[in-house]
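Each chain is listed here by its residues.
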Amino acid sequence: MIFLTLMLSTFREAIAKKIFLGFFAISTLIILIFLFLINVDSVEGMVNMMESSGEEGIKQLVIGFQVAMINISYLLIITFCLVSVSSFIPSMLEKGNIDLLLSKPVSRTNIILAKFSGGVVLIFVSLVYLIGLVWLILSLKSGFWHVPFLYSIFWLTLSFAVVYSLIIFIGLVSQSTVLSIIISLFLVFIICPILSVREEVIFSLVSNSTVQFIINFLYYILPKPSDINKISMNIITGESVVSYMPVYSSVIFMLAVLSVSVWYFRKKDY
Amino acid sequence: MPVSKLNFMSIISTNNLSKEYPSKSFSKEKILALNNFSFEVESGEIFGILGPNGAGKTTLIKILLGITHRTKGDIKIFDKDIADESYKMKVGYLPENHKFPNYLTGEQTLMFFGKLSGMNSKDADARTAEYLKLVDMEKWKKTKIKKYSKGMLQRLGLAQSMMNNPELIFLDEPTDGVDPIGRKEIRDILINLKSSGKTIFLNSHLLSEVELICDRVAILNKGVLVKTGRVEDITAVTNDYKFMTSDLDENTLNLLLSKYKAVIKSRNEFLYNSPDTEEMNKMIDFLRGNNILIQSIVREKDTLENMFINLIEKQN
Ligand SMILES: Nc1ncnc2c1ncn2[C@@H]1O[C@H](COP(=O)(O)OP(=O)(O)OP(=O)(O)O)[C@@H](O)[C@H]1O
Ligand SMILES: [Mg+2]
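Residues numbered from 1 in each chain as written. Chains lettered and ligands numbered in written order. Predicted model: local features only at pLDDT ≥ 70, side-chain atom pairs only at ≥ 80, totals over all residues. Heavy atoms only, no water.

Side note on the side chain of Asp227(A)
So, step 1. If you trace the backbone, Asp227(A) turns up in helix α11 (residues 225-237).
So, step 2. Here the side chain of Asp227(A) touches Tyr219(A) through a polar contact of 2.4 Å, side chain to side chain. (Helix = DSSP H or I, 4+ residues; strand = E, 2+ residues; numbered from the N terminus. Polar contact = N/O pair within 3.5 Å; in protein donor to acceptor, adjacent residues only side chain to side chain.)

Some remarks on the pairing of strand β7 (residues 168-172) of chain B
Residues and elements named next belong to chain B.
So, step 1. Within β7, 5 of the 5 residues are buried, leaving the element largely enclosed by the surrounding structure.
So, step 2. Residue alternation in β7 divides its side chains into two sets, Leu-168, Phe-170 and Asp-172 and Ile-169 and Leu-171, and both sets are buried.
So, step 3. In this structure, strand β6 (residues 91-94) lies alongside β7, joined through 4 bridges in parallel fashion. Opposite Tyr-93, over in β7, you have Phe-170 as the bridge partner.
So, step 4. As judged from the 5 bridges shared by β7 and strand β8 (residues 199-203), these two strands associate in the parallel manner. Across the sheet, Leu-168 pairs through a bridge with Thr-199, a residue of β8. (Buried < 20%, exposed > 50% of the residue type's maximum accessible area, 1.4 Å probe, protein only. Pairing = 2+ DSSP bridges.)

Quick word on the pattern of salt bridges
So, step 1. Summed over the entire model, instances satisfying the criterion amount to 21 salt bridges over all chains.
So, step 2. Glu250(B) serves as the salt-bridge partner of Arg267(B), at 3.9 Å between the closest nitrogen and oxygen. Remark: Glu250(B) occurs in helix α9 (residues 250-258) and Arg267(B) occurs in the loop between β12 (263-266) and β13 (269-273); sequence separation between them is 17 residues.
So, step 3. By sharing partners, the salt bridges in this structure join Glu13(A), Lys17(A) and Lys115(A) into a single network. (Salt bridge = Lys/Arg side-chain N within 4 Å of Asp/Glu carboxyl O.)

Side note on the sheet that holds β7(B)
Residue and element names in this part refer to chain B.
So, step 1. Ordered by their spatial adjacency, 6 strands build an open sheet running β6-β7-β8-β3-β9-β10, and the pairing between neighbours is mixed. Only two strands of the sheet have a single neighbouring strand rather than two, namely β6 and β10 (224-230). Going across the sheet, the axis of each strand differs from the next one's by a mean of 15°, ignoring polarity.
So, step 2. Here 4 bridges tie strand β3 (residues 46-50) to strand β9 (residues 216-221), and the two strands are oriented parallel to one another. Its bridge partner being in β9, Ile-49 is matched across the sheet by Ala-218.
So, step 3. Relative to β8, helix α2 (residues 57-64) is tilted by about 145°, and along the sheet it contacts β3, β6, β7, β8 and β9.
So, step 4. Sheet strands touched by helix α5 (residues 150-162): β6 and β7. Its angle to β6, the strand with the most contacts, is close to 165°. (Axes fitted to C-alpha atoms, helices over the stretch in contact; angles between N-to-C directions. Contact = heavy atoms within 4.5 Å.)

Encoded structure:
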């Protein structure tokens, strides 16, 4: 009960900070653009394609749309989500607020877990709205109900959760919203993509085996949201997924960072 | 064992409690915020903790509530070590400079913290209405907290600390920023709480106020317990007597000054100091002999404030 109250307070905070409104606006914009594209196509290209390649053509088109959608979500939504939640911990830690919270009969471990699960459920609900609605529109328009697209709600939420655990840790240690945003965006959009193509790009430039070892090591211990995103696209297009290692190792990273966060929070004086 | 100890259960007891904060800079040594602090708070009393800025009062409250961790020592609340956090169900707290999420209204704030204290929605709802009325904040309940004045926030904070019907309430500067009428109202609320059997742990700089409501006080300076005791024992009576009389003539005035070392305040009032009852009665005979009417004799008390200032100045 207390845990639930704390978790739901994340929602209230999100509403108060207009995060839901922002997400709703962005989502609706994306959906409108999709509707527009679909209608343009249906007038010109789609009719032609239907005639030339039949049902298969429509399926390809739908999948193409869905892959594009995931890429947009990954960029826009993950950025938006990370920026939105990064103030949760620093604002909780403000003097006069954290004192009161810690005087309540709720353990410090549960406070962290409630904040974490609150943020994850928040993003999950938002993604259900966005991806679910796009799926519904595409399916109704095309008659092709491609369920694997819906799985990406789960994959995007997972990518978010992994990085959110790091945001919580940085927030706890630094009490700084800006630092949390910078580090998490840097990780998601610079470090992770580079590490994920290390074999093709970096290793062709650097042949030193020690450096290669360090880079490999970093790749394996750091979370891999861009690889998870690739897996989610493979599932939509029906290509076989080479390895689920990025998923396992990211989840391990998340659990490790959460444990360290809890340990740090438990021993700290406020 | 004193009789009072037999009748009253101690609700808080600490033994050799110490707290060291790591120093901010490398050169300085650690800050010893509490140094071997041992004391007890008994059930049903209003206990005041006094001390200059930085004495360690807030630190003590935070340690008792598990917000800050002790460096060493034993702490028992409701007869159990505070490592067992279940006591927090029966405790209320008003932090110094509290800061509620400012997007909530007054009503939502009480509901939220009530539920965080383990209340169900129905109870929280009922008590929210009751306590908003008690602290006179009913008409502001739908207003966002960010629009509240300091005194309004303080009233809401006090209501918050009572939401879960706690046995023990910690108040860190509860009347800070509240106007004189509000302070009187808060004192009345506290006295009411006491009469319904609650224990109150109060931290305040307003010594005149502490004197009015506290049963016992502890004085803390630089982390050390300097003095503890009942307010009336600490503010012991002096040997100063204030006399109010009919008009004093020149002759009597001069004799009072020279012979009895009185301090003349006006034609009708003077202060007289003597530890000896015999002496004083001789002086009274002298007054009566000169046909002076005595209207009142009041034995002066040392204020808590005087005692406090003398004590701390002696220490430093
Ligand atoms: N988090 C902290 N880290 C380091 N030192 C601290 C911390 N909190 C308090 N102190 C130090 O501990 C000492 C006691 O502080 P505390 O806040 O308990 O004083 P106080 O008696 O409540 O003072 P005031 O009357 O001003 O509220 C001070 O020297 C203060 O600098
Ligand atoms: Mg203080």
